[in-house]
Amino acid sequence: MPALAVDAATPVAHAFASCDAARFPAAPLMADKPEAAAWSPDLSAALYNVDGWGAPYFFVNDDGDVAVRPHGAATLPGQEIDLAKVVAKAAGPREAGGLGLPMPLLVRFPDVLRHRVETLNAAFDYAVRSTGYGSRYQGVYPVKCNQDRYVVEDIVEFGEPFRFGLEAGSKPELLLAMSCLVARGNPDALLVCNGYKDDGYVSLALMARTMGLNTVIVLEQEEELDIVIDASRRLGVRPVVGLRAKLRTKHAGHFGSTSGEKGKFGLNAAQILSVVTKLKAIGMLDCLQLLHFHIGSQVPTTALLSDGVGEAAQIYCELARLGAGMRVIDVGGGLGIDYDGTHSAQTDMSVAYSLEEYAVAVVAAVGRVCDRKGVPHPIVCSESGRALVSHHSVLVFEAFSATAPGQLDAAAAYLLDELTDDCRADYRNVMAAAVRGDSDTCGLYADQLKRRSAEQFKEGVLGLEHLAAVDALCEFVARGMGAPEPPRTYHINLSVFTSLPDMWAIGQQFPILPIQRLQERPAVDGVLSDLTCDSDGKVCEFIGGRHSLPLHELPTHATRGYYLGMFLGGAYQEALGGLHNLFGGPSVVRVSQSDGPHCFAVTRAAAGPSCADVLRAMQHEPEVMFEVLKRRTDDATAASLARAFGAMPYLVFDPEAAVMSSGESSGMSSDSEGSAAGAAEEDDEEWEFMRGLTV
């Protein structure tokens, strides 16, 4: 770009007195300071749309903390759980009554999980009664959404009165589903076996039938039928078979790409007829009892849902007409989550229906087709994993530092006077345009000054101090002309790749907000940068179309930490997370509502994987590594090495910073199981760990 002309009438700005913001025109410049306005927890709730995405479980209480209603709308005033107090209990030092767990922290609320199971079943029960449907609902939980032992066990236990079952998609998932249903499940609960299958998988499923489990082997490919027939003959077990239909119906967006005629799984019309022919020829057509399909996750509208369910119901009725022993229609997943609280069908982040509307749409569509065809109404099954587990856990992490806004001091004026002639000309033009209030011209000159200074720095003409002074001047003038301050980067003690893999991989957005100080105005726009050595390890897209997140100034040293929560992430994130940079998972606490003074009890607590744990996961041998290293050091250094192997990979700060206010963490309700799990023995832990590493 050619140099812009210098206005000869412009006085030379020697010192920053002439650059004072008070000299700039008032209109574009100085809006009222937002910090000066009154603020309240209700305003924070509206700012982050907590009532939109969080109802009926999350809200901002009068103390300015995010709180949890563990029983949804039925939660009584004395039963609400303050999330900040949970973090104080979990992360606070043991001598102050805390559990001493390192951050980050995953907080599970089994009461929320129970409420989700009960609400889903109540919605379908209402749909059955209100539409006059002639059968019942009997759902399954797809364990791929979250395979954590206690999550699966809770769902089976809470779902036992509803005959609620499990869905497995691999041999390990099938083994855990069998074990859990045998120990806790209703005898009528379905065990749906999806995914690609070999002889070992099919044999396991048939063994499950010999244990009294209501197991259905769903054919994803036509050739799997031969495996099922051979294994059933060898083991002498008559199977119950389902098949997955590849529908024409699909929806747009990322979550709809797995459905339709080009979807990964399922049989087309010709393959379905071929399966029927084979089963009929060997006298096993009565074994075909279930039809499964999947429109796609996050189905956006009930209109699309009804269309897909209606198409599948037609196939179900045709199979019944051909003589199959049909009794169950499995509508798969698709029940969506309102991640951004907009109740909209326009993006993958929301859905335009309620849980009750979803259930009525499914039941009515099946009943309508079956009535038209004169086929008895089947049991309706769904695999609504995302809707069941997304709300039950909250990931809490700490922002430990932030980039500071640019500062301009008087000393920089002398550095600007040392610029080359052409740069000084740009400098004078920037100041003149700023004083006139000509923001467009000011911006052009500022860009030219920065570009020219950068070129001269690369040539060695200007020093690093000059480059910094130019940047500070341009940022100062831009703010003076009314340009918003660019978002600050808040550094968080977390790995996006480990704990938020969907956010990194597919652009999934989750609600993120501070869990405390919400009675104060969050006056800083920030983006989040994680600990990993990867440029993708950041969060700069937020719900509501934001490219930054309203945050507070970080607390000063030796005061309580600044904690953020990521919500609605209970599905998929834990199993998908890897070991990027060898950061492991978070610490975990399980928190139930109780009648104690703080309304909650920590019933289970566990620190996250140590450095030794993640090293073992990548085939390293921490014991051998420790032996090699300790040969070159003394006992004191060896103890420090042992502590390093035993510590979590995340940053560790002064434990006092984890106490969110004095006295909050002492005396909180915690049962014996939680205390035993969360508080390790008071022995000399680093030496104990060192002895454990010794070969």
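It should be noted that the structure appears before, not after, this text.
This structure is a prediction, so every number in the text was calculated from the model and none was measured. (Residues numbered from 1 in each chain as written. Predicted model: local features only at pLDDT ≥ 70, side-chain atom pairs only at ≥ 80, totals over all residues. Heavy atoms only, no water.)

A. Layout of the overall build of the protein. The number of helices and strands found in the protein is 25 helices and 21 strands. Here the protein, with 695 residues, has 52% of them falling under the buried criterion. Across the protein, contacts joining residues at least 24 apart in sequence account for 77% of those joining residues at least 6 apart. Summed over all atoms, the accessible surface of the protein reaches about 29,200 Å², with 53% contributed by carbon and sulfur. (Helix = DSSP H or I, 4+ residues; strand = E, 2+ residues; numbered from the N terminus. Buried < 20%, exposed > 50% of the residue type's maximum accessible area, 1.4 Å probe, protein only. Contact = heavy atoms within 4.5 Å. Areas by Shrake-Rupley, 256 points an atom, 1.4 Å probe, with all protein chains shown as cover.)

B. Geometry of the pattern of salt bridges. Applying the stated criterion across every chain, the model contains 26 salt bridges. The salt bridge partner of Asp421 is Arg424, with a shortest N-O separation of 2.6 Å. Taken together, the residues Asp421 and Arg424, both in helix H15 (residues 421-436) and three residues apart, mark about one turn of the helix. Exposure remark for Asp421: the relative accessible area of 55% places this residue in the exposed category. A relative accessible area of 24% places Arg424 in the partly exposed class. Between Asp426 and Arg452 there is a salt bridge; the shortest N-O distance is 2.8 Å. Here Asp426 is found in helix H15, whereas its partner Arg452 is found in helix H16 (residues 439-458), with 26 residues between them in sequence. Several salt bridges converge on common partners, so that one network encompasses Arg108, Asp148 and Glu574. (Salt bridge = Lys/Arg side-chain N within 4 Å of Asp/Glu carboxyl O.)

C. Geometry of the nonpolar core. Counting 152 residues, the largest nonpolar core has Tyr141, Leu288, Leu528, Phe567 and Val589 as its most contacted members. It is helix H12 (residues 355-373) that provides the largest number of residues to this core, a total of 10 residues. Residues contacting Phe567, with those up to four places away along its chain left out, are Trp53, Phe58, Val66, Leu83, Val394, Phe510, Pro511, Leu513 and Ile515. Listed in part, the 20 residues of the second largest apolar core include Tyr427, Met431, Ala433 and Ala469. (Core = buried A, V, L, I, M, F, W, Y, C linked by side-chain atoms within 4.5 Å.)

D. Looking closely at the sheet that holds strand S10 (residues 288-292). Reading across from one edge, S5-S6-S7-S8-S9-S10-S11-S12 is the order of the eight strands in this open sheet, with parallel pairing throughout. Strand pairing shows two members of the sheet lacking a second neighbour, strand S5 (140-142) and strand S12 (379-381), which therefore form its edges. With strand direction ignored, the average angle separating the axes of adjacent strands in the sheet is 25°. Relative to S10, helix H11 (residues 302-321) is tilted by about 170°, and along the sheet it contacts S10 and strand S11 (328-330). (Pairing = 2+ DSSP bridges. Axes fitted to C-alpha atoms, helices over the stretch in contact; angles between N-to-C directions.)

E. Main features of the packing of helix H5 (residues 110-131) against H12. Direction vectors running N to C along H5 and H12 enclose 45°, while the axes themselves pass 8 Å from each other. As the angle between them shows, H5 and H12 are arranged oblique. Two packed elements cross with a definite hand, and for H5 against H12 that hand is right-handed. Contacts between H5 and H12 involve Thr119, Leu120, Ala123, Phe124, Tyr126, Ala127, Val128, Ser130 and Thr131 from the first element and Leu355, Glu356, Tyr358, Ala359, Val360, Val362, Val363 and Ala364 from the second. Of the residues assigned to the contact of H5 with H12, the class counts are 13 nonpolar, three polar and one charged. (Parallel < 35°, antiparallel > 145°, perpendicular 65-115°, else oblique. Left-handed = near helix turned anticlockwise from the far one by under 90°. Nonpolar A, V, L, I, M, F, W, Y, C, P; charged D, E, K, R; others polar.)

F. Region of interest: empty space enclosed by the protein. Following the criterion strictly, the structure yields two cavities of 30 Å³ or more and no others. By volume, the second largest cavity amounts to about 30 Å³. Every residue lining the second largest cavity is listed: Arg108, Phe109, Pro110, Leu113, Tyr150, Val151, Asp154, His392 and Arg590. Among the secondary structure elements, those contributing two or more residues to the lining of the second largest cavity are H5 and helix H6 (149-159). The biggest single contributor to the lining of the second largest cavity is H6, with three residues. For the lining of the second largest cavity, the residue count by class is five nonpolar, one polar and three charged. (1 Å grid on protein atoms, 1.4 Å probe; cavity = no way out; pocket = protein on both sides within 12 Å on 5 of 7 lines; lining within 4 Å. Points joined across faces, edges and corners; volume = space filled by probe spheres on them.)

G. Representation of the packing of aromatic side chains in the model. Scanning all chains against the criterion turns up 11 aromatic pairs. Between Trp53 and Phe58, the aromatic rings sit 6.1 Å apart at their centres with planes inclined by 40°, giving tilted as the arrangement. Looking at Trp53, the relative accessible area reads 3%, which means it is buried. A residue is classified by how much of its surface remains accessible, and Phe58, at 1% relative accessible area, is buried. Ring plane angle 85° and centroid distance 6.2 Å describe the contact between Phe124 and Tyr358, whose orientation is recorded as edge-to-face. (Phe/Tyr/Trp six-rings, centres within 6.5 Å; stacked < 30°, edge-to-face > 60°.)

H. Region of interest: the packing of helix H7 (residues 171-184) against helix H8 (residues 199-210). Following both chains from N to C, one finds H7 and H8 inclined at 10°, their axes separated by 10 Å at the closest point. Classified by the interaxial angle, the pair formed by H7 and H8 is roughly parallel. Along its contact with H7, which presents Lys171, Leu174, Leu175 and Met178, the element H8 presents Gly200, Tyr201, Leu204, Ala205 and Ala208. For the contact of H7 with H8, the per-class residue count stands at seven nonpolar, one polar and one charged.

I. Representation of helix H22 (residues 622-630) in the model. The complete set of buried residues in H22 reads Pro622, Phe626 and Glu627. Each buried residue of H22 lies within a common arc of 140° when the element is viewed along its axis, so the set occupies one face. (Arc of directions from axis to C-beta.)

J. Seen up close, helix H10 (residues 269-281). Along its 13 residues, H10 runs 19 Å from first to last C-alpha, staying within 8% of the 18 Å computed at 1.5 Å per residue. Taken as a whole, H10 has its buried residues at Ile272, Val275, Val276 and Leu279. Taken down its axis, H10 places every buried residue within 100° of arc, on the same side. Those residues of H10 that are exposed and angled more than 90 degrees off the buried face are Ala270, Thr277 and Ala281. Each element contacted by the buried residues of H10 is listed here: strand S8 (214-219), helix H9 (224-235), strand S9 (241-244), S10 and H11. For H10, the N-terminal capping position is held by Asn268, with its side-chain oxygen 3.2 Å away from the main-chain nitrogen of Ala270. Following H10 by one or two positions, Gly283 has its phi on the positive side, about 70°. (Expected span 1.5 Å × (residues − 1). Polar contact = N/O pair within 3.5 Å; in protein donor to acceptor, adjacent residues only side chain to side chain.)

K. Fine view of the sheet that holds strand S3 (residues 81-82). Pairing is antiparallel across the open sheet formed by three strands, whose spatial order is S1-S2-S3. Both edges of this open sheet fall to strand S1 (58-60) and S3, since each of them pairs with a single strand only. Across three bridges, the pairing between S1 and strand S2 (residues 66-68) is antiparallel. Bridged to Val60 within S2 is Val66.

L. Focus on the state of the cysteines. Tallying each qualifying case throughout the model produces zero disulfides. Among the cysteines around Cys442, which has no disulfide bond, Cys474 carries the closest sulfur, lying 8.1 Å off. Overall, the relative accessible area of 4% leaves Cys442 in the buried class. (Disulfide = S-S within 2.5 Å.)

M. Spotlight on unusual backbone geometry. Cis geometry is adopted by the peptide bond preceding Pro56, which originates at Ala55 and carries an omega value of 0°. Within the fold, Pro56 resides in the loop between helix H3 (50-53) and S1. Pro104 follows Met103 through a cis peptide bond whose omega is 0°. Considering the arrangement of structural elements, one finds Pro104 in the loop between helix H4 (83-91) and strand S4 (105-108).

N. Spotlight on a nonpolar patch on the surface. A cluster of nonpolar residues, Val182, Met207 and Met211, forms a patch on the protein surface that exposes about 280 Å² of accessible area. Mapping Met211 onto the fold places it in the loop between H8 and S8. On the accessibility criterion, Met211 (49% relative accessible area) is partly exposed. (Patch = residues over 30% accessible without salt bridge, like charges linked within 9 Å, V, L, I, M, F, W, Y side chains within 5 Å.)

Honestly, that's just the spatial picture; any functional story needs more than this.
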